[in-house]
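Spelled out, the chains give:
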Amino acid sequence: MSNISIPDRFKRAVRLEKNRDYENAFKEYVSILNENPRFRNAYINLGSLCSRMNKVPEALKYYKTALSLGNDYITFFNVGCLFYRTGRYAEAVINLEKSHAMNKSFVLSKLVTGLCYCKTDKLGMAEKYFSDILELHPDSRSALTALALIYYYTNRLKHSLELLNRLLLADPDDIKFRELKSDILWKIGAIDESASEIKAIKHRADKYKYFDEFIKSIPVEIYTDKYGSIDDKIKSLNTKINENPNNLISLSLCHLLKGDTDSAIDYLFDFRKN
């Protein structure tokens, strides 16, 4: 038996854990429990430590022992998250609901519950949870994102667009949100606005591939032409736009070769309107 008190040994174990000396921290917590099997905080910290080491069964065992010695909303939440990670969504919801019942202001329990319902295709229930979060925290990025995606996949595109605009107001450089916004604008018939979004993406992300990938899908013979300069080609094609929609693709490619990618995108979207 150590001459150092259990609270001091616990502090030492916490320091070891903070210094990422997980092996010795683990040993110290276990040693504490061998001396005092009812020292609840050691079970909680062992649960957290095992979770971070991806030892889920061990983490659940320690958390459940801690709960047998007393309840708290964070431990119920952590157990719920472990069940979520392992795909045991019904058990996750039970523990997350207990967490929420103990602390209704702790919105993370509602958030993960909503994610559980998403995973089980119960989108109506998921929508309720995310909407409840937004009533309390209108700027919750996680809830806004989840709800925007639910609206998108249930074909409520204008509602999804409204939430995406709120997200982009806070983070204009989020490329994934802009891609989704462009897709929604296209689907609701706002073609020019969709093109504007693609341009905004292009200017914000040097490695953005959306436009280039589309170009690669076009047969080479559409834009191969050995005669005249690009400017001559553009001038000629502008007089023939109404003759063949493929001339819009050729114009798009000519502007791309010139380096005028904004005009290239405009002509590409004009082609897609036809």
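Placed above this text is the structure.
Residues numbered from 1 in each chain as written. Predicted model: local features only at pLDDT ≥ 70, side-chain atom pairs only at ≥ 80, totals over all residues. Heavy atoms only, no water.

**Overview of unusual backbone geometry**
Then, in step 1: The backbone of R20 shows a phi angle near 65°, a positive value even though the residue is not glycine.
Then, in step 2: With respect to the helices, strands and loops of the structure, R20 is situated in the loop between α1 (6-18) and α2 (22-35).
Then, in step 3: Of note, the phi angle at D121 is positive, near 60°, even though the residue is not glycine.
Then, in step 4: On the secondary structure map, D121 appears in the loop between α7 (107-119) and α8 (123-136).
Then, in step 5: Taking the relative accessible area as the measure of exposure, D121 reaches 65% and is therefore exposed. (Helix = DSSP H or I, 4+ residues; strand = E, 2+ residues; numbered from the N terminus. Buried < 20%, exposed > 50% of the residue type's maximum accessible area, 1.4 Å probe, protein only.)

**Quick word on the environment of A170**
Then, in step 1: The residue A170 is located in helix α10 (residues 157-170) in this model.
Then, in step 2: Overall, the relative accessible area of 69% leaves A170 in the exposed class.
Then, in step 3: As for A170 and D139, which are separated by 31 residues in sequence, their C-alpha atoms are 8.9 Å apart.

**Considerations on the pattern of salt bridges**
Then, in step 1: By the definition in use, this model includes 16 salt bridges.
Then, in step 2: The shortest N-O distance in the salt bridge between R156 and E127 comes to 2.9 Å. Pair noted here: R156 is in the loop between α9 (141-153) and α10 and E127 is in helix α8, with a separation of 29 residues, a long-range link.
Then, in step 3: The residue K181 makes a salt bridge to E197 at a minimum N-O spacing of 3.4 Å. Linking K181 in helix α11 (residues 175-187) with E197 in helix α12 (residues 191-204), this pair joins segments that are 16 residues apart in sequence.
Then, in step 4: Owing to a relative accessible area of 15%, K181 belongs among the buried residues under this scheme.
Then, in step 5: You can call E197 buried: its relative accessible area is 8%. (Salt bridge = Lys/Arg side-chain N within 4 Å of Asp/Glu carboxyl O.)

**Observations regarding helix α6 (residues 89-102)**
Then, in step 1: For α6, built from 14 residues, the straight-helix expectation of 20 Å at 1.5 Å per residue is met to within 8% by its first-to-last C-alpha distance of 20 Å.
Then, in step 2: Buried within α6 we find Y89, A92, V93, N95, L96, S99 and H100.
Then, in step 3: Buried positions along α6 lie against α5 (73-85) and α7. (Expected span 1.5 Å × (residues − 1). Contact = heavy atoms within 4.5 Å.)

**Thoughts on the packing of α9 against α11**
Then, in step 1: Closest axis-to-axis distance for the α9/α11 pair is 12 Å, and the angle between their directions is 30°. Classified by the angle between their axes, α9 and α11 sit roughly parallel to one another. Crossing geometry of α9 relative to α11 is assigned as left-handed. Here R141, T145, L149 and Y152 of α9 lie close against α11, whose contacting residues are F177, L180, D183, I184 and K187.
Then, in step 2: A class-by-class count of the residues in the contact of α9 with α11 yields five nonpolar, one polar and three charged. (Axes fitted to C-alpha atoms, helices over the stretch in contact; angles between N-to-C directions. Parallel < 35°, antiparallel > 145°, perpendicular 65-115°, else oblique. Left-handed = near helix turned anticlockwise from the far one by under 90°. Nonpolar A, V, L, I, M, F, W, Y, C, P; charged D, E, K, R; others polar.)

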